[in-house]
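A look at the structure
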Amino acid sequence: MTHALPWLLPTQEFPPIDTTWGDQDPIPGLLAAGNTLDAAHLRLAYGQGIFPWFSEGQPVLWWSPNPRMVLHPQEFRLRRSLRKALQKFRDTPGCEIRIDTDFSTVMQHCAQTPREGQSGTWIVQSIVDAYSELHRQGAAHSIETWVNDRLVGGLYCVALGRAVFGESMFSLQSDASKIALSALVALCRAQDVPQIDCQQATAHLSFMGGREIARSKFAAIVEQQRQRTDMQWQFSSVYWNQLLGPQADTQQTHAPLPAAPA
């Protein structure tokens, strides 16, 4: 029998995640609804394995699906084509990864990126406002792919201690979002982060090494990792060694990547 979906008042705590609607309920993975979304609620939610996801005109919907899709940095599958793209990016002048230099633009691009099977975006203005507040507090970050001083791709994520939660990606030229994800994986490998939350399973994430784990296991890892010291959100080219190995000395000249579309 389906229990009623809790409606959260601003001062109420989240229900336990084991009360989330399951396979026999109308919407599996849905935990609660309400009208309040801000940085404080995001911190509390992510710390318990909960995240918001809703469309324009809907209340704030809180989710905690079971199983949970995660990417373990050490299991990241660096396919041959992506390896070549990363090597070219690393070796080409004018190509660089930046962190937190243009968080708002990254969110805007993510909101505007068409998604298969979706007619609109879940990155509505209240989502932008709440995550921007979280970014100003140092708990939301953007990983940015830059080519010749142009932002061509990236992603944003949430981090509490060493608990990392991926949110959304965008790309304005080939492989730009994959390069940003690879940079996040390299950063997480270098700083001993055991998992990156991907929320729900997709074929693309599975192709790159993501897999589902039980929600209880996911939440236990989050609880452990969020109590560790915060990550250092800076990217150095040496982090590429986590994926590509040390860069060989070479005098070869590399052609630049194609210019991003206007």
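Cut-offs and rules
Residues numbered from 1 in each chain as written. Predicted model: local features only at pLDDT ≥ 70, side-chain atom pairs only at ≥ 80, totals over all residues. Heavy atoms only, no water. Helix = DSSP H or I, 4+ residues; strand = E, 2+ residues; numbered from the N terminus. Expected span 1.5 Å × (residues − 1). Buried < 20%, exposed > 50% of the residue type's maximum accessible area, 1.4 Å probe, protein only. Phe/Tyr/Trp six-rings, centres within 6.5 Å; stacked < 30°, edge-to-face > 60°. Axes fitted to C-alpha atoms, helices over the stretch in contact; angles between N-to-C directions. Parallel < 35°, antiparallel > 145°, perpendicular 65-115°, else oblique. Contact = heavy atoms within 4.5 Å. Nonpolar A, V, L, I, M, F, W, Y, C, P; charged D, E, K, R; others polar. Pairing = 2+ DSSP bridges.

Time to look at helix 5 (residues 176-190). A rise of 1.5 Å per residue sets the reference length of helix 5, with its 15 residues, at 21 Å; its end C-alpha atoms lie 21 Å apart and thus fit the reference within 8%. Taking burial as the measure, the 15 residues of helix 5 include 13 buried ones, the bulk of the element. Where helix 5 terminates, the next one or two residues include aspartate 192, which has phi positive at roughly 60°.

With that settled, consider the packing of aromatic side chains. On inspection of all chains with the given rule, the structure shows 9 aromatic pairs. For the ring pair phenylalanine 103 and tyrosine 156, a centre distance of 6.0 Å and an interplane angle of 75° mean the geometry is edge-to-face. With phenylalanine 103 in helix 3 (residues 103-112) and tyrosine 156 in strand 8 (residues 150-160), this pair connects stretches of sequence that are 53 residues apart. With respect to class, phenylalanine 103 is no different from tyrosine 156; both count as buried.

The omega torsion of the bond from asparagine 66 to proline 67 falls at 5°, within 30 degrees of zero and hence cis. Tracing the chain through its elements places proline 67 in the loop between strand 4 (60-63) and strand 5 (68-71). For aspartate 100, which is not a glycine, the phi torsion comes out positive at approximately 65°. Tracing the chain through its elements places aspartate 100 in the loop between strand 6 (95-99) and helix 3. Although it is not a glycine, asparagine 148 adopts a positive phi angle of roughly 50°. In this structure, asparagine 148 sits in the loop between strand 7 (140-147) and strand 8.

This next bit is on the packing of helix 2 (residues 80-91) against helix 5. It is the contact of helix 2 with helix 5, at a shortest axis distance of 10 Å, that shows an interaxial angle of 85°. With respect to each other, helix 2 and helix 5 are oriented roughly perpendicular. Of the residues in helix 5, those in contact with Leu82, Leu86 and Phe89 of helix 2 are Lys178, Ile179 and Ser182. Here the contact of helix 2 with helix 5 is composed, by residue class, of 4 nonpolar, 1 polar and 1 charged.

For strand 7, the buried fraction is high: 8 of the 8 residues fall into the buried class. Residues Ala140, Ser142, Glu144 and Trp146 line one face of strand 7 and the alternating positions His141, Ile143, Thr145 and Val147 line the opposite face, and both faces are buried. Linking strand 7 to strand 8, which pair antiparallel, is a turn of 2 residues; within it asparagine 148 sits at a positive phi near 50°.

This brings us to helix 1 (residues 39-47). Count 3.6 residues to each turn of an α-helix, and residues three or four apart come out pointing the same way. Within helix 1, burial applies to Ala39, His41, Leu42, Ala45, Tyr46 and Gly47. Positive backbone phi, approximately 85°, marks glycine 49, located one or two places after helix 1.

As a further point, take the sheet that holds strand 5. In space, the 7 strands of this open sheet follow the order 6-7-8-9-10-5-11, with mixed pairing throughout. The sheet is open, and its two edges are formed by strand 6 and strand 11 (211-213), each paired on a single side. Ignoring strand direction, the axes of neighbouring strands in this sheet form an average angle of 35°. Pairing geometry for strand 8 and strand 9 (residues 163-171), over 8 bridges, is antiparallel. Following the sheet pairing, glycine 153 is matched in strand 9 by serine 171. Sitting on the sheet, helix 1 touches strand 8, strand 9 and strand 10 (196-199), and the angle it makes with strand 8 is about 70°.

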